[in-house]
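This is what each chain is made of:
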Amino acid sequence: MMSVNRAFTGIPSFLRARIAATVADYAGARIGILGVPFDEGSPFLPGSRMGPRAIREHSLRFSTTQPLYDPDRDKDYLAEELRRGLIVDCGDVDIRPANPARSFAIITARVREMLEAGLFPVILGGDHSITYPVFEAFDTPMHVIQFDAHQDYTEITEDLNRTNGQAFRHITGMTTCLSLTQIGIRGLRTNRALVQEMRANGNRVICMTEARNLGPQGIAACLPAGSDVYVSIDVDALDMSLVPGCVSGEPDGLTFTYLMDSLRAIAERHRIRGFDFVEVNPPLDIGTSATAYLGALIVTGFLGFISNQAWWAAMRDRADTHLTTERL
């Protein structure tokens, strides 16, 4: 009997991809989806640990028996990836509650395992603290682009060192981070000294007025063409009216169109090494789970933009499935 595959049926792997329970199951794949259900870095309200599951559930709403189609641009996305089964769902990191240091070490190990197997990592959070251990898994120096309402650059102290407000303080201290470009920073909770410090260290803080003036193509042009880039997307980069299921929303944020056009421009201009999407909080979401659906749409759309690039096709079609990060 033919499977109907309604959005409310079946095991909710991302885009109904095959589930890779072990490293051996990565064979033949090019993209790995990894959930990181960690929200102990959130100092306000918990709940984003449920984000990976909710995003996966809403990814079932996309048909995967054919390429994903954008009628406005008349473009297909993920055609080869879906047809050839090149996407695997690697499950979730086995978080150790109340032991963030151990949880972070496991996150790094899982992402490194994916990279060593030649998978392009797509990370579903979780709160934004997880970007630190995820990025730590990469050995190749690259630029980082962060879409966010907040800098997440708070000072590290003995008492507070792994919150979602400190991830990019850790990251900018790594030799693998060539630069950090923050897009969408806004709100009266922003700290003047931290903005000045970030800029003084040679990084870019793009607030909303500048973001509007630059436009998506200008955002992509902030880095030299062909740069190796890691992208981190906090759902609160979007205007708070769009993200009811987010604990840290701010007014005057990015529109959905601006974010997607920026991600498209970045994919067209640079080589993306991996990305994460964080801070969906399902317990706060409305009945239709609009924020979780928006997350599934953004992650899937960005993957689609990446899959249509020549650099990606060349990497995807190599015979060697065990590609190191240096050879992507």
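None of the values given here were measured: they were computed from a predicted structure.

## Side note on the overall build of the chain
Next, step 1: When you go through the chain residue by residue, the secondary structure sums to ten helices and eleven strands.
Next, step 2: Expected size for 328 residues packed as a compact globule is a radius of gyration near 20 Å; at 18 Å, the chain falls within 12% of this value.
Next, step 3: Taken over the C-alpha atoms alone, the chain extends approximately 60 × 40 × 40 Å along its principal axes.
Next, step 4: Across the 328 residues that make up the chain, the buried fraction comes to 56%.
Next, step 5: Roughly 13800 Å² of accessible area belongs to the chain as shown, and the carbon and sulfur atoms make up 53% of that amount.
Next, step 6: Within the chain, one finds 31 positive and 39 negative side-chain charges whose respective centroids are separated by 4 Å.

## Some thoughts on the nonpolar core
Next, step 1: Among the nonpolar cores identified, the biggest contains 56 residues, and Phe147, Val231, Leu263 and Phe302 are the most heavily contacted of them.
Next, step 2: Discounting chain neighbours no more than four positions away, the residues touching phenylalanine 147 are Ile183, Val231, Ser232, Ile233, Asp234, Ala237, Leu254, Leu259, Ser262, Leu263 and Ile266.
Next, step 3: Core analysis: the next-biggest nonpolar cluster, separate from the first, contains 41 residues, Ile130, Phe135, Phe138 and Leu180 among them.

## Observations regarding the pattern of salt bridges
Pairing is possible between side chains of opposite charge, provided their charged atoms come close.
Next, step 1: Evaluation of the coordinates by the stated rule reveals 18 salt bridges.
Next, step 2: One salt bridge connects glutamate 80 with arginine 83, and the closest N-O pair in it is separated by 2.7 Å. With glutamate 80 and arginine 83 both in helix α2 (residues 79-83), this residue pair falls three residues apart, about one helical turn.
Next, step 3: We note a salt bridge from aspartate 317 to arginine 316, for which the minimum N-O separation is 3.0 Å.
Next, step 4: Within the structure, one salt-bridge network assembled from shared partners comprises Glu80, Glu81, Arg83, Arg84, Arg316 and Asp317.

## Points about the UniProt feature "binding site: Mn(2+) 2" (unreviewed entry) in the chain
Next, step 1: The UniProt record annotates "binding site: Mn(2+) 2" (unreviewed entry) at Asp234.
Next, step 2: Relative to the elements of secondary structure, aspartate 234 occurs in strand β10 (residues 228-234).
Next, step 3: Filtering out sequence-adjacent residues up to four positions away, aspartate 234 remains in contact with His128, Phe147, Asp148, Asp152, Val278 and Glu279.

So, how was this worked out
Residues numbered from 1 in each chain as written. Predicted model: local features only at pLDDT ≥ 70, side-chain atom pairs only at ≥ 80, totals over all residues. Heavy atoms only, no water. Helix = DSSP H or I, 4+ residues; strand = E, 2+ residues; numbered from the N terminus. Rg over C-alpha atoms; globule rule 2.2 N^0.38 Å. Buried < 20%, exposed > 50% of the residue type's maximum accessible area, 1.4 Å probe, protein only. Areas by Shrake-Rupley, 256 points an atom, 1.4 Å probe, with all protein chains shown as cover. Lys, Arg positive; Asp, Glu negative; His and termini not counted. Charge placed at Lys NZ, Arg CZ, Asp CG, Glu CD. Core = buried A, V, L, I, M, F, W, Y, C linked by side-chain atoms within 4.5 Å. Contact = heavy atoms within 4.5 Å. Salt bridge = Lys/Arg side-chain N within 4 Å of Asp/Glu carboxyl O. UniProt positions renumbered as here; feature names shortened; annotations may be inferred.

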